[in-house]
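Examining the three-dimensional arrangement
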Amino acid sequence: MNNNTDDERLNDFIRDRVEADLASKKYTSIVTRFPPEPNGYLHLGHAKSICLNFGVALENSGTCNLRFDDTNPVKEDVEYVESITEDVKWLIDGWADMVLSEKIYFASEYFEQLYEYAVQLIKDNKAYVCELRPEEWEEYRGVPEKPGKESPGRDRSSEENLDLFERMRAGEFADGEKTLRAKIDMNSPNLHMRDPVIYRIRHEEHHHAGDKWCIYPMYDFTHCLSDSIEGVSHSICTLEFEVHRPLYDWVLDNLPVSQPRPFQHEFSRLNPTYMVMSKRKLLQLVEGGHVTGWDDPRMPTIAGYRRRGFTASSIRRFCQDVGVTKYKALTDVSLLENSIRVELNKTAERRCAVLDPLEVIIDNYSDEVSEQLEAVNNPEDESAGKRMVPFGRRLFIERADFMEDPPKKFFRLGPGREVRLRYAYFITCQSFEKDDEGNIIRLRCTYDPKTHGGNAPDGRKVKGTIHWVSADHAVDAEVRLYDRLFTQEEPESQGDFLDCINPDSLNVVMGKLEPSLAELSVGERVQFERLGYFTPDPKDSASEKPVFNRIVGLRDSWAKIAKK
RNA sequence: UGUCCCGUGGUGUAAUGGUAGCACACCUGGUUUUGGUCCAGGCAGUCGGGGUUCGAAUCCCUGCGGGACAACCA
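Residues numbered from 1 in each chain as written. Chains lettered and ligands numbered in written order. Predicted model: local features only at pLDDT ≥ 70, side-chain atom pairs only at ≥ 80, totals over all residues. Heavy atoms only, no water.

**Regarding the overall build of chain A**
Keep this limit in mind: Helix numbers and strand numbers start at the N terminus; a helix is a DSSP run of H or I with at least 4 residues, a strand a run of E with at least 2. Using C-alpha atoms as the atom set, the radius of gyration is obtained and then compared with a globule rule of 2.2 Å times the number of residues to the power 0.38. For every residue, the accessible area obtained with a 1.4 Å probe (protein chains only) is divided by the maximum for its type, and the residue is called buried under 20%, exposed over 50%, and partly exposed between those limits. By definition, residues are in contact when any of their heavy atoms lie within 4.5 Å.
For chain A, the helix and strand inventory stands at 13 helices and 25 strands. In summary, chain A has a C-alpha radius of gyration of 31 Å against a globular reference of 24 Å for 564 residues, an excess of more than 25%. Its C-alpha atoms give chain A principal-axis dimensions of about 100 × 55 × 45 Å. The 564 residues of chain A split such that 53% are buried. Of the contacts made within chain A by residues no fewer than 6 positions apart, 71% connect residues no fewer than 24 positions apart.

**A look at the pairing of strand β9 (residues 263-267)**
Our working definition: Strands were regarded as paired on the criterion that DSSP finds at least two bridges between them. Convention used here: a crossover is right-handed provided that the path from the first strand, over the helix, to the second strand proceeds clockwise when the strands point away from the viewer.
Buried residues dominate β9, accounting for four of its five residues. Bridge count for strand β8 (residues 234-238) against β9 is five bridges, and the pairing is parallel. Bridged to threonine 238 within β9 is phenylalanine 267. In the classification by handedness, the crossover that spans β8, the intervening helix α8 (residues 245-253) and the parallel β9 is right-handed.

**Thoughts on the packing of helix α1 (residues 13-23) against helix α2 (residues 44-59)**
Cut-off, in case you're wondering: Inter-axis angles, ranging from 0 to 180 degrees, are taken between N-to-C directions of lines fitted to C-alpha atoms, where helices are fitted over the stretch in contact. Helix crossings get a hand from a simple test, with the near helix turned counterclockwise from the far one by less than a right angle marking a left-handed crossing and a clockwise turn marking a right-handed one. Charged residues are taken to be Asp, Glu, Lys and Arg, nonpolar residues to be Ala, Val, Leu, Ile, Met, Phe, Trp, Tyr, Cys and Pro, and polar residues to be all remaining types, Gly included.
With their axes 11 Å apart at the nearest point, α1 and α2 run at an angle of 35° to one another. Along this stretch, α1 crosses α2, giving a crossing that reads as right-handed. Along the contact surface, α1 presents Ile14, Arg15 and Val18, while α2 presents Leu52, Gly55, Val56 and Glu59. Counted by class, the contact of α1 with α2 contains four nonpolar, one polar and two charged residues.

**Thoughts on the protein's contact with RNA strand B**
Selection criterion: Here, proximity means that at least one heavy atom of the residue falls within 4 Å of the molecule or strand. Distance and chemistry together define a polar contact, namely a pair of N or O atoms within 3.5 Å, with one atom able to donate a hydrogen and the other to accept it when in protein, and with adjacent residues in sequence counting only for side-chain atoms on both sides.
Around RNA strand B, the structure places 68 residues, and the nearest of them are Asp16, Thr71, Arg141, Arg350 and Gly453. Protein-proximal atoms of RNA strand B, defined as those within 4 Å of the protein, fall in sugar or phosphate at a share of 66%. Asparagine 345 places a polar side-chain atom, nitrogen or oxygen, 3.1 Å from a sugar or linking oxygen of RNA strand B. Between phenylalanine 411 and RNA strand B, the recorded distance is 2.8 Å, taken from a backbone N or O atom to a base oxygen. Secondary structure elements with two or more residues in the surface near RNA strand B: α5 (134-141), β6 (197-201), α12 (334-347) and α13 (557-563). Looking at the surface near RNA strand B, its residues break down into 25 nonpolar, 17 polar and 26 charged.

**Structural notes on the packing of aromatic side chains**
Formally: Each Phe, Tyr or Trp ring, with Trp reduced to its six-membered ring, pairs with another whose centre is within 6.5 Å; inter-plane angles below 30 degrees give stacked pairs, above 60 give edge-to-face pairs, and intermediate values give tilted ones. Any Lys NZ or Arg CZ that is within 6 Å of a ring centre and within 35 degrees of that ring's normal is treated as a charge sitting over the ring.
Following the criterion strictly, the structure yields 22 aromatic pairs and no others. With a centroid separation of 5.1 Å and an interplanar angle of 65°, the aromatic rings of tyrosine 365 and tyrosine 447 are classed as edge-to-face. Of this pair, tyrosine 365 sits in the loop between β12 (357-362) and β13 (371-376) while tyrosine 447 sits in strand β18 (residues 440-447), placing them 82 residues apart in sequence. In this structure, tyrosine 365 and tyrosine 447 share a single accessibility class: buried. Put simply, the rings of Phe111, Tyr115, Phe165, Tyr199, Trp213, Tyr216 and Phe221 pair up and form one aromatic cluster. The ring of phenylalanine 497 has lysine 281 sitting right over it, with the charged end atom 5.7 Å from the ring centre. Here the basic side chain of arginine 484 rests over the ring of tyrosine 274, its NZ or CZ set 3.7 Å away from the ring centre.

**Focus: unusual backbone geometry**
Excluding glycine, a negative phi dihedral is what most residues carry, and trans is how most peptide bonds are arranged. Here the bond from glutamine 259 into proline 260 is cis, since omega is -5°, no more than 30 degrees from zero. Relative to the assigned elements, proline 260 resides in the loop between α8 and β9. Here the phi dihedral of lysine 25 falls at roughly 65°; this positive angle occurs in a residue that is not glycine. By the element assignment, lysine 25 lies in the loop between α1 and β1 (31-34). The phi dihedral of aspartate 195 is positive, around 45°, even though this residue is not glycine.

**Points about a positive patch on the surface**
As a reminder of what qualifies: In this scheme, patches are assembled from residues that exceed 30% relative accessible area and form no salt bridge. Like charges are connected within 9 Å, while nonpolar side chains (Val, Leu, Ile, Met, Phe, Trp, Tyr) are connected within 5 Å. All accessible areas in this document rest on Shrake-Rupley with a 1.4 Å probe, and a residue is counted as covered only by the protein chains that are shown. Between Lys or Arg on one side and Asp or Glu on the other, a salt bridge is scored when a side-chain nitrogen of the former is within 4 Å of a carboxyl oxygen of the latter. Only four residue types enter the tally: Lys and Arg on the positive side, Asp and Glu on the negative side; His and the chain ends are excluded. Positions of charges follow a simple convention, taking NZ of Lys, CZ of Arg, CG of Asp or CD of Glu.
Together, Lys409, Arg555, Lys560, Lys563 and Lys564 give the surface a local cluster of positive charge. Relative to the helices and strands, arginine 555 resides in the loop between β25 (547-553) and α13. With relative accessibility at 69%, the residue arginine 555 sits in the exposed group.

What follows is the structure, encoded as structure tokens:
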């Protein structure tokens, strides 16, 4: 279901291309790569890319390299290298882990080779040292509608350029004083082809390469050559790199790289409703304290979803459902919610928990007795078996399951009404008590002993079945109810996205849980009947003080009726 | 007002010149000891205009609409 199997063959323009390239013998084996920059945590958009790159490799018995595109030391950090590695492995585990390259690659490990390639370009009179400042370059570069102007350094001899470039490496110049540019075409309508910078000076320690370098290659020069060095066949990236493709091709076509060389293919990035997906904005959320961190369960990061309780397979399923095209799409977040519900409905055991407790006294139930009742663990999976839950005279039910003056369509408790307590008895509400402020604080009910287990021997029906926990046995737990982080479908579309942060994205309540939930360990997911799917928070939950996250709520058709 | 890319139900995506299908969402009804699940059904689409063809979502032209690009970021 979550894997790409023969009965569910994936089909998209990239896979078509891969297939054609194999058929034409352009490549004999397929190598893809996932190339994150370690400057932030991975998010759902990266998940889509991971599923594509690893999926294509998997379907073609190829390999997929995890490579850090770490050419900008000022923005990058080992913290991100570690989180990204963990997230990738978690996401592909049990699915495509066998196609992951044995070693983890770093573009920074190619710096020496890249330098040699740059030297070759200079020797071939295809690159030159430029001393224009960024502000000056803006004028030289021109605008798309008008041609640019040639840099004064453009016609320098390659001997001189070689000397200058060596001295750049040796650290003779300050940051920004000089750059190495590819000599391409100042009249190109594509700005990226107007003599792009391929090396800049940064006297900065590198998180992976150490203090070896003070010049660093730019993305456009590094990426294609890294692909080539690794023997990548299909270099798959997002649409914004489309205009870079001519440069990708230029570099590989002007250097003696091995053949067949890689080619770049672009697809549109994931853009789900009620989320922001750019690393810059996610960083803003973290640094601005709007969330508790990159792994806050409300964040659209892989770490956030993992902590919240999503399974890797549900995220993969979502990425599969979303598809791969070049169309700038807006993906309904309900697709993601559906993928986790579908899975958890089959796999999660059922438990009872009351999150907004209202006390119920069963007046005709003896105070001395406390029996155990049998409950089904998962109606979707008989092999999950059964468990015993304690019942008593004093219970908690959900406050929302009682109405003082219920409308006709309300099938739950009201004065004089009878409902079924799941797996227990039919009860009838005889009266209710209020405090001085008029809040209902207690229900007084009677039960029908003949309905033990929830069946009426006389065949009478009740419309409603509600969940409950025994007050004397209940476990107290903090429960975190998450909602979407933004109130707008497209938080980035109008003005400041921070203005539409959902003030109710987190609702913390103290719940009453059935005793078996005290033993639930991290990584286990259960359904709280009639409420949703929950899991212990991996960071904050402790056996003496459990904390639960709501992964996703159940579909709630009553909420729709109630709205009308 | 440059170059490139993209337009299929509300949303996303298939159909690779031959019956426009699937999923999500929404709406009905049925089953149900979860107002969950499940089952049955429904709503709803090829951006416009020309052309090629026996036949066009698909190929061509054109118009319209949307997007990307002007870091010494990736």
